[in-house]
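# Structural overview for review
Here are the chains, one letter per residue:
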Amino acid sequence: MVLSLYDYVNFTATQGGLECQQAWAVLGEPTPRQINQALSEQQAALAVFADARPRVTLVDHRGLMQFAFGFPAEGIQPGDLVPPGDLDRPSPAASMFLGVDCIHLSEEGYRILGRNLWQSYYAQRLGDGDGDGDGDGDGDGDGDGGGGGDPGTVPTAPTMLSATPTSATSVALTWTDASADESAFVVERRVGQQAFGEIARRPAGTRTWTDQGLEPATTYEYRVFAINAQGASARSNLASVTTLLSPSTCTADESTLCLRDGRFEVRARWTDFEMRTGDARVVTLDDRRAESSDSGLFYFFSNDNWEQQVKVLDGCGVNGQFWVFSAATTNVGFELVVVDTVTGRRIIYENPPGVAAPAITDTAAFPCSSPQP
């Protein structure tokens, strides 16, 4: 399945048409940025949908018209605005079929959009790597495998983008270069529901890059695309990653276990059937904490009603990992958080309210040799 949205609409240059005036008024007379931002948010939601489904491909057309036509009267030439373009601008009037409405493109505009759709999806499915439709990959459209008059096509989108936290403030990106004719790669990033923004350009052939200066314990999303003189490829898959916590020390208190000589901080928070929440507490026996070097006990409501045992075991000699085991005799919801204070790595184990908690037997929880931030 292929999902393909339109490029940015243009209400600015189409106010002479009654239908466009009415549509613009019904929408509350939005600015180009508001319209383009809404399209970008829809594109991002579809990207998440497609990324989770191997049989679904999303083709991104945003900014193609700005790239191909530019705004020459304003000194912006074709090729100056790399997709996804300038959110404060609509698609150029020169790319629109203004005699019809504010959405449809001119003949040349549709040719560009169709080429991007072919190159980003159909050419890859049919094995025609150059996107000219003849299946020989030489770019001349005659099917004979020889050179010809086609000046080239946009690059093929990079694939298999992955993001790995390397510290509290840095993330390592890797991707597969699926094209042989890119001139550069563009790396984009966003936080939360913000729009993606360009953060780096890397030379042709690049397959790795490290993003630095980030915030600790923050989730970022990345994507990469390739560019050349003909335009931009489709975006890669999305890669989501959370930076590590800053290195810290574990301080034992009524809600915190410090296991393995204080390296691992363990806390829990419960949620009952009325959605009330609270911190789990460490069980005390004769004024002593129910805690050893590798395990401890929590209660949720009463010190006489023990709810959860947690262990962090040293499996370094077995598989190079610290193991996290837990058994909770409850169907109350909870969130168990274990933090390696040496590296900042954190794992959250969750159980929803109303579900009998299964045993946690994570024998690959924390690498023994994790790099320090």
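Refer to the preceding data block for the structure.
Read on for an overview of the structure. Keep in mind it's a predicted model, so treat the numbers as computed, not measured.

## Brief notes about the layout of surface pockets
Here the largest pocket is characterised by a volume of approximately 600 Å³. Considering the residues around the largest pocket, the lining is formed by 25 residues, among which Thr57, Leu58, Arg235, Ser236 and Asn237 are closest to the centre. Elements supplying a minimum of two residues to the lining of the largest pocket: helix 2 (32-51), strand 2 (57-59), helix 4 (107-126) and strand 3 (159-165). A per-class count over the lining of the largest pocket returns 12 nonpolar, 7 polar and 6 charged. Of the pockets and cavities examined, the second largest pocket occupies roughly 240 Å³. For the lining of the second largest pocket, the secondary structure elements donating two or more residues are helix 2, strand 5 (184-191), strand 6 (197-203) and strand 8 (219-228). Of all the elements, helix 2 adds the most residues to the lining of the second largest pocket, at 4 residues. Its residues assigned to classes, the lining of the second largest pocket shows 10 nonpolar, 6 polar and 7 charged.

## Remarks on the sheet that holds strand 17 (residues 295-299)
Within a sheet, neighbouring strands are paired by backbone hydrogen bonds and run either parallel or antiparallel to one another. In spatial order, the strands read 14-17-18-19-22; together these 5 strands make up an open sheet with antiparallel pairing. Edge strands, defined here as strands with exactly one partner in the open sheet, are strand 14 (281-282) and strand 22 (360-367). The pairing of strand 19 (residues 321-328) with strand 22 spans 5 bridges and is classified as antiparallel. Each residue of the ladder has a partner; that of Ser326, found in strand 22, is Ile360.

## Description of the nonpolar core
Judged by nonpolar contacts, the single largest core of 25 residues is most densely connected at Val266, Phe298, Val312, Leu336, Val338, Tyr349 and Phe366. Elements with a minimum of two residues in this core: strand 11 (257-259), strand 12 (264-271), strand 18 (306-315), strand 19, strand 20 (333-340), strand 21 (346-351) and strand 22. Looking at which element gives the most residues to this core, the answer is strand 12, with 4 residues. Look past the residues within four positions of Phe366 in its chain and what remains in contact with it is Phe264, Gly320, Gln321, Phe322, Val324, Val338, Asp340, Arg345, Arg346 and Ile347. Within the second largest apolar cluster, 16 residues are counted, among which are Phe185, Ala200, Trp209 and Leu214.

What counts as what
- Residues numbered from 1 in each chain as written.
- Predicted model: local features only at pLDDT ≥ 70, side-chain atom pairs only at ≥ 80, totals over all residues.
- Heavy atoms only, no water.
- 1 Å grid on protein atoms, 1.4 Å probe; cavity = no way out; pocket = protein on both sides within 12 Å on 5 of 7 lines; lining within 4 Å.
- Points joined across faces, edges and corners; volume = space filled by probe spheres on them.
- Helix = DSSP H or I, 4+ residues; strand = E, 2+ residues; numbered from the N terminus.
- Nonpolar A, V, L, I, M, F, W, Y, C, P; charged D, E, K, R; others polar.
- Pairing = 2+ DSSP bridges.
- Core = buried A, V, L, I, M, F, W, Y, C linked by side-chain atoms within 4.5 Å.
- Buried < 20%, exposed > 50% of the residue type's maximum accessible area, 1.4 Å probe, protein only.
- Contact = heavy atoms within 4.5 Å.

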